[in-house]
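# A look at the structure
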Amino acid sequence: MTCDEIQEYYSAYIENDLPEGVREAVTRHIEQCMSCRREIKALKMSLRALMQVPAPALSDAYMGRLMEKAEAIDAQPVESLPDPLAGMEDPSRMTAPEPPRQPLEIRIKPVVETVEAAKPRGKGRGRAPARAQSAPAAPVASEPVAVDRHHIRPTREPGPQDAAGSTIVFRPLRLLLAGAALLLLGFGVGYGLQARWNLPATVLARMGLEKQGEMWLPAEAAKEAAGGAVYVDGAWRRRASAVEHLMEGDFVKVGDAWVPRDEARQRLAGRLPYADGWATPAEIARSELRRQGLVKVGARWVPREEVEALRAGKIRIDDEWTTPEALVAKRMTEAGYVRREGQWLPAADATHLAAGKVRVGDRWVTPEALVRERLVSAGYYQDGEVWVHAERAKAEEDEAQAATRAAEEAYFSKRMAGFVFVDGRWIPAEDEPKLRQGMIRAGGAWTTSDELVAARLRREGYIQDGDAWRPAKEVALREEGLIQDGDRWLRPEQLVSERMSQAGYVQRNGLWVHPGTESSRGGKPAPTLRGEGEPSGAKPPKGKRATWRLSKAAAVLQVWDTTQEDGATINLWIDDAKKLHNHRLRAAPGDAISLALSRGLHAVTVQAVGLGNAGASAPSRNVTLGIGIQGEQSITLELTSGQIASRWILVE
Amino acid sequence: MDQERTDCELMDAAGVGDKEAYRLLVERYYRRVVSFLSGFVGDPDRAQDLSQEAFVKLYTVCRREGSKGRTGEASSLVFTIAANLGRDELRRRGRRKEVEMSALQDHLAARDESPEQAAARAEMIQKVYGALDELPVDTKQLLVMRDVEGMRYEEIAATLSLKLGTIKSRINRARLAFKNAFLKRQAAGYGRGVHA
């Protein structure tokens, strides 16, 4: 832009009213051009001076005069009020556009006629019709003359002809000449009449009046007036005494002037007329200052808006009040900065930041690009989503290749040596078929794992018993007929003897007898504790001893009445523990009492107590009861009342 | 409450004889009109007289037609009247006489300034008036409306029935012309000061 072009933008530049792009261009130019800078500075200075033009404060006197005039207007009918806007453009009025103005036509007619100014056609607020004027006596025809507000000019087009048909065109100069001639004629006639006859003076003198200055007065009054007297309050007085007469009472003479008494008093007190009253200059000054919107702050009078602005924390810059923040914002914005998250940044930087870039030296780059640059410069390259250090990657690759080569060499050397790699280890190639068959090498020979285990168990003294391996000693003891009781191996009769002794029985004549029972029964035979069919006290033969051998961890002993008659009662012991006392037997095995038996040899002892339903009437009858192992075999005992019988039961 | 009444409302009320409404209208525009006329005719005293005439005319308009056909502010109407009065005054008076320094100082006396400061300010304002007087009437009117009275560009455009762009462009030219005239007077003043 040149200096001349910039000049067009001076005002808008000062008022900060330029579009962004233009403002930048203008600012650039001004920064570089000292001449334009000087021009801008001078323009600002001259505008500041222009703004100092004073405006007097609105006074009560001013307003009073205005109100009087308004009252005078009110006294007139509205219709008679003149249009104050006549001849003015009034853009404030929102009316329809005016039709094109018609030129005002003035027709100049012969002497006996008048010239009239017609109202403009189509204009609502026209001027008043021109007064009738005399026209020259010459026979003239009319000519249209255009009147446009303040000027009269002939229309370009010739006007229509009058009825006579003869048209003489008058120019404005001719009009003026005609008017001047008429005026001269009037003066001439008047002067002639005055000089020849002096008609008014003659008439007044004959009425007894005398001319005194410009006035006609009665003769006596004229004499007084000629002596310098004045007529006041019905009498002729000397001028000085007339003044005193008029002034005395209400007025006081101050120097050469007569002043109203009250005014004199006020003025002596140092007061001046002010706002329909009197006030000291200081009061006037204060009132006027307040009226002008000033406020006293300390010794200074300050505009109220300035005080309010200062209270609001504003500061004044270039005749404008603004907050410090707004000023900073304005200056920063002018300097091309933008505010971002509480910080002022150059506009370009803000754009980059908004795009998520970071500054590196003089450049703006995205973080990703920066990381990429740094990694590349550090010798990394991207492999998919992973950054790999080129040298380290090469070293690792070399190492892996070397390891692969070493492994391959080892593999082939092993293969060459006749080995094969099976299940994670190298074995001679000839062993591979046996291994595939599940064989293992033990002591230089190939065998199966089962054989190996059996050999080991045999070595350790075990003997296979069916599917189980048992110690050879245990097998031999069992074959000898011993049974295991805890850690001990006993013969069955040894175990019975121990148990019976523990239960308090004693053996007499091959029978086990309880001493208490023997005495309480009064000589009755002690209950026998022998197996059915076995000789008393004899060792039961192998395979027939006791009664039952059960291959169960536990068995259930059942006792019932085989005579199908309910009601017989018994006592029952298993080993030495009394399990039933006066137990009433039931007839059916399904209703029998059930007692648990653990593994081992047990002595079951039964004593008949009552005979049931038939007991009392048939004392010879016996108690017949069945004892059995559930699901196994059973035996039947027939006891007389009070008789005890025992049986062995071996649960294995 | 009265401050909230629009110009049109006040004009309507004044039109039916409400003097309070008329007083409010005068108070609203007094300073603006007087400062405008003061800059326009270059004479604060005469500006006050003319402003009174302007407000009388405004009252007559109110009486005749109220706010009929107008909307918004009365500023356009008031300044149209004032500008016409100012033009008539300049036309009637011809070349402006320089304002008496003493008269200027009277107007400036209200401010809390020392006599020296008031005199310096009066001298500067005299130069402003002189520089304004060198401008063509149209140019002066625009400049005074904008920079003395402080009217908005839109208000000026509405008052003079011109386009906004035209107004801005003319005001820019008016400012440059005023600046040149004012600087010339400033330089002359400095010259006088040196030789004195």
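Residues numbered from 1 in each chain as written. Chains lettered and ligands numbered in written order. Predicted model: local features only at pLDDT ≥ 70, side-chain atom pairs only at ≥ 80, totals over all residues. Heavy atoms only, no water.

### Focus on the overall build of chain B
Helix and strand counts for chain B come out as nine helices and zero strands. Mapped in sequence order, the helices and strands of chain B form the string α-α-α-α-α-α-α-α-α. Here chain B holds 196 residues, and the buried ones make up 54% of them. Sequence-distant contacts in chain B: of pairs separated by 6 or more residues, those separated by 24 or more amount to 65%. Split by element, the accessible area of chain B, about 8,600 Å² in all, is 50% carbon and sulfur. (Helix = DSSP H or I, 4+ residues; strand = E, 2+ residues; numbered from the N terminus. Buried < 20%, exposed > 50% of the residue type's maximum accessible area, 1.4 Å probe, protein only. Contact = heavy atoms within 4.5 Å. Areas by Shrake-Rupley, 256 points an atom, 1.4 Å probe, with all protein chains shown as cover.)

### Topic: the overall build of chain A
Tallying secondary structure elements over chain A gives 21 helices and 40 strands in all. Within chain A, the proportion of its 652 residues that are buried is 28%. Counting only contacts in chain A whose residues sit at least 6 apart along the sequence, the fraction spanning at least 24 positions is 43%. When the accessible surface of chain A is summed, it comes to about 42,400 Å², and 53% of that surface belongs to carbon and sulfur atoms.

### As for the packing of helix 4 (residues 75-93) of chain B against helix 8 (residues 153-160) of chain B
Residues and elements named next belong to chain B. Put simply, helix 4 and helix 8 touch, their axes get as near as 9 Å, and they point 60° apart. Comparing the axis directions of helix 4 and helix 8 gives the class oblique. When you trace helix 4 past helix 8, the crossing you get is right-handed. For the pair helix 4 and helix 8, contact is made by Ser75, Ser76, Phe79 and Thr80 and by Glu155, Ala158 and Thr159, respectively. In terms of residue class, the contact of helix 4 with helix 8 is built from two nonpolar, four polar and one charged. (Axes fitted to C-alpha atoms, helices over the stretch in contact; angles between N-to-C directions. Parallel < 35°, antiparallel > 145°, perpendicular 65-115°, else oblique. Left-handed = near helix turned anticlockwise from the far one by under 90°. Nonpolar A, V, L, I, M, F, W, Y, C, P; charged D, E, K, R; others polar.)

### Re a nonpolar patch on the surface
A contiguous nonpolar surface patch, about 320 Å² in accessible area, is contributed by A:Tyr411, A:Phe412 and A:Phe421. Along the chain, the position of A:Tyr411 falls in helix 16 (residues 390-416). (Patch = residues over 30% accessible without salt bridge, like charges linked within 9 Å, V, L, I, M, F, W, Y side chains within 5 Å. Salt bridge = Lys/Arg side-chain N within 4 Å of Asp/Glu carboxyl O.)

### What to know about the interface of chain A and chain B
Counting residues at the interface gives 51 residues for chain A, matched by 63 residues for chain B. Buried area between chain A and chain B, both sides added, is near 5,200 Å², and the carbon and sulfur share of it is 63%. For chain A, the biggest contributors to the area lost against chain B are A:Leu50, A:Pro56 and A:Tyr62; these three give 12% of the whole. Here chain A and chain B share six salt bridges between them. The shortest N-O distance in the salt bridge between A:Glu15 and B:Arg175 comes to 2.8 Å. Summed over the shared surface of chain A and chain B, the number is 15 residue pairs in polar contact (both at pLDDT 80 or more). Elements that contribute at least two residues to the side of chain A that touches chain B include exactly helix 2 (10-14), helix 4 (34-50), helix 5 (60-75) and strand 12 (300-303) of chain A. Residue classes in the side of chain A that touches chain B are distributed as 32 nonpolar, six polar and 13 charged. (Buried area = accessible area lost by both parts, 1.4 Å probe. Polar contact = N/O pair within 3.5 Å; in protein donor to acceptor, adjacent residues only side chain to side chain.)

### Observations concerning the nonpolar core
Judged by nonpolar contacts, the single largest core of 82 residues is most densely connected at B:Tyr22, B:Phe36, B:Phe55 and B:Phe178. Among the elements that line this core, the one with the most residues is helix 2 (residues 19-41) of chain B, at 13 residues. Formed by 25 residues, the second largest nonpolar core is a distinct cluster that contains A:Leu572, A:Leu595, A:Leu625 and A:Leu639. (Core = buried A, V, L, I, M, F, W, Y, C linked by side-chain atoms within 4.5 Å.)

### Regarding helix 6 (residues 115-133) of chain B
An ideal rise of 1.5 Å per residue puts 27 Å on 19 residues; helix 6 of chain B measures up with 27 Å between its terminal C-alpha atoms. Those residues of helix 6 of chain B that sit buried are B:Ala118, B:Arg121, B:Ala122, B:Ile125, B:Gln126, B:Lys127, B:Val128, B:Tyr129, B:Gly130, B:Ala131, B:Leu132 and B:Asp133. (Expected span 1.5 Å × (residues − 1).)

### Quick look at the confidence of the model for chain B
Detailed conclusions should not be drawn from predicted coordinates in areas where pLDDT is low. All names here are of chain B. Here chain B averages 81 in pLDDT, and 83% of its residues register 70 or above. No element of chain B has a lower mean pLDDT than helix 5 (residues 101-108), which averages 62, and none a higher one than helix 3 (residues 44-65), which averages 89. The low-confidence segment residues 190-196 (pLDDT under 50) makes one contact with residues lying over four places distant or belonging to another chain. In the model output, the complex is listed with pTM 0.35 alongside ipTM 0.80. (pLDDT = per-residue confidence, 0-100.)

### Re the packing of aromatic side chains
Enumeration according to the criterion identifies eight aromatic pairs over all chains in this entry. When the centroid spacing of 5.5 Å and the interplanar angle of 90° are considered together, the rings of B:Phe36 and B:Phe79 count as edge-to-face. In this pair, B:Phe36 is assigned in helix 2 and B:Phe79 in helix 4, connecting sequence segments 43 residues apart. Seen from their ring centres, B:Phe178 and B:Phe182 are 5.6 Å apart, and the 15° between their planes marks the pair as stacked. Remark: B:Phe182 and B:Phe178 occur in helix 9 (residues 164-195); sequence separation between them is four residues, near one turn of the helix. Taken individually, B:Phe178 and B:Phe182 each receive the classification buried, so the pair is uniform in this respect. Across the ring face of A:Phe419, the terminal group of A:Lys414 is positioned such that the distance to the ring centre comes to 4.7 Å. Positioned above the aromatic ring of B:Tyr153 is the side chain of B:Arg146, whose terminal nitrogen or guanidinium carbon lies 4.1 Å from the ring centre. (Phe/Tyr/Trp six-rings, centres within 6.5 Å; stacked < 30°, edge-to-face > 60°. Lys NZ or Arg CZ within 6 Å of the ring centre and 35° of its normal.)

### Digging into unusual backbone geometry
Excluding glycine, residues mostly carry a negative phi; peptide bonds, for their part, are mostly trans. With a phi close to 65°, A:Asp319 is a non-glycine residue in the positive phi region. Inspection of the secondary structure puts A:Asp319 in the loop between strand 13 (315-317) and strand 14 (320-322).

### Some thoughts on the pattern of salt bridges
Scanning all chains against the criterion turns up 36 salt bridges over all chains. Three or more residues are tied together by salt bridges with common partners; here these are B:Arg46, B:Asp49, B:Glu53, B:Glu89 and B:Arg92.

### What to know about the environment of A:Ala476
Of note, A:Ala476 is situated in helix 19 (residues 472-479). Sequence-wise, A:Ala476 and A:Ile463 are 13 residues apart; in three dimensions their C-alpha atoms are separated by 10.0 Å.

### Side note on the packing of helix 2 of chain B against helix 3 of chain B
Residues and elements named next belong to chain B. Remark: helix 2 packs on helix 3, axes separated minimally by 8 Å, with the N-to-C direction vectors making an angle of 140°. The angle between helix 2 and helix 3 places the two elements in the oblique class. The way helix 2 lies across helix 3 gives a crossing that is right-handed. Packed against helix 2, whose contacting residues are Lys19, Tyr22, Leu25, Val26, Tyr29, Tyr30, Val33, Val34, Leu37, Ser38 and Val41, the element helix 3 presents Pro44, Ala47, Gln48, Leu50, Ser51, Phe55, Val56, Leu58, Tyr59 and Cys62 at the interface. Residue composition of the contact of helix 2 with helix 3, by class: 17 nonpolar, three polar and one charged.

### Thoughts on the pairing of strand 20 (residues 386-389) of chain A
Here strand 19 (residues 380-383) of chain A runs beside strand 20 of chain A; their pairing, made up of four bridges, is antiparallel. Counted as the bridge partner of A:Asp383 is A:Val386 from strand 20 of chain A. (Pairing = 2+ DSSP bridges.)

### Some words on the pairing of strand 8 (residues 257-260) of chain A
All names here are of chain A. Inspection of the sheet shows strand 7 (residues 251-254) paired to strand 8 by four bridges, in the antiparallel sense. Within strand 8, the position partnered with Lys253 by the bridge is Trp258. The turn linking strand 7 back onto strand 8 is made up of two residues, and Gly255 within it adopts a positive phi angle of 60°.

### Regarding the state of the cysteines
Here the structure, examined in full by the defined rule, presents zero disulfides over all chains. For A:Cys3, which is in no disulfide, the shortest distance to another cysteine sulfur is to A:Cys33 and amounts to 3.6 Å. On the accessibility criterion, A:Cys3 (31% relative accessible area) is partly exposed. For B:Cys8, which is in no disulfide, the shortest distance to another cysteine sulfur is to B:Cys62 and amounts to 9.9 Å. Assessed through its relative accessible area of 13%, B:Cys8 is described here as buried. (Disulfide = S-S within 2.5 Å.)

### Quick word on the environment of A:His352
Residue and element names in this part refer to chain A. With respect to the element layout, His352 can be found in helix 14 (residues 347-354). Separated by twelve residues in the primary sequence, His352 and Trp364 have C-alpha atoms spaced 6.7 Å apart. Those residues in contact with His352, other than ones at most four positions away along the chain, are Lys357 and Trp364.

### Quick word on a positive patch on the surface
Residue and element names in this part refer to chain A. On the surface, a cluster of positive charge is contributed by Lys44, Arg48, Lys330 and Arg331. Taken together, the elements giving at least two residues each to the positive patch come down to helix 4 and helix 13 (324-334). Residue position: Arg48 is located in helix 4. (Lys, Arg positive; Asp, Glu negative; His and termini not counted. Charge placed at Lys NZ, Arg CZ, Asp CG, Glu CD.)

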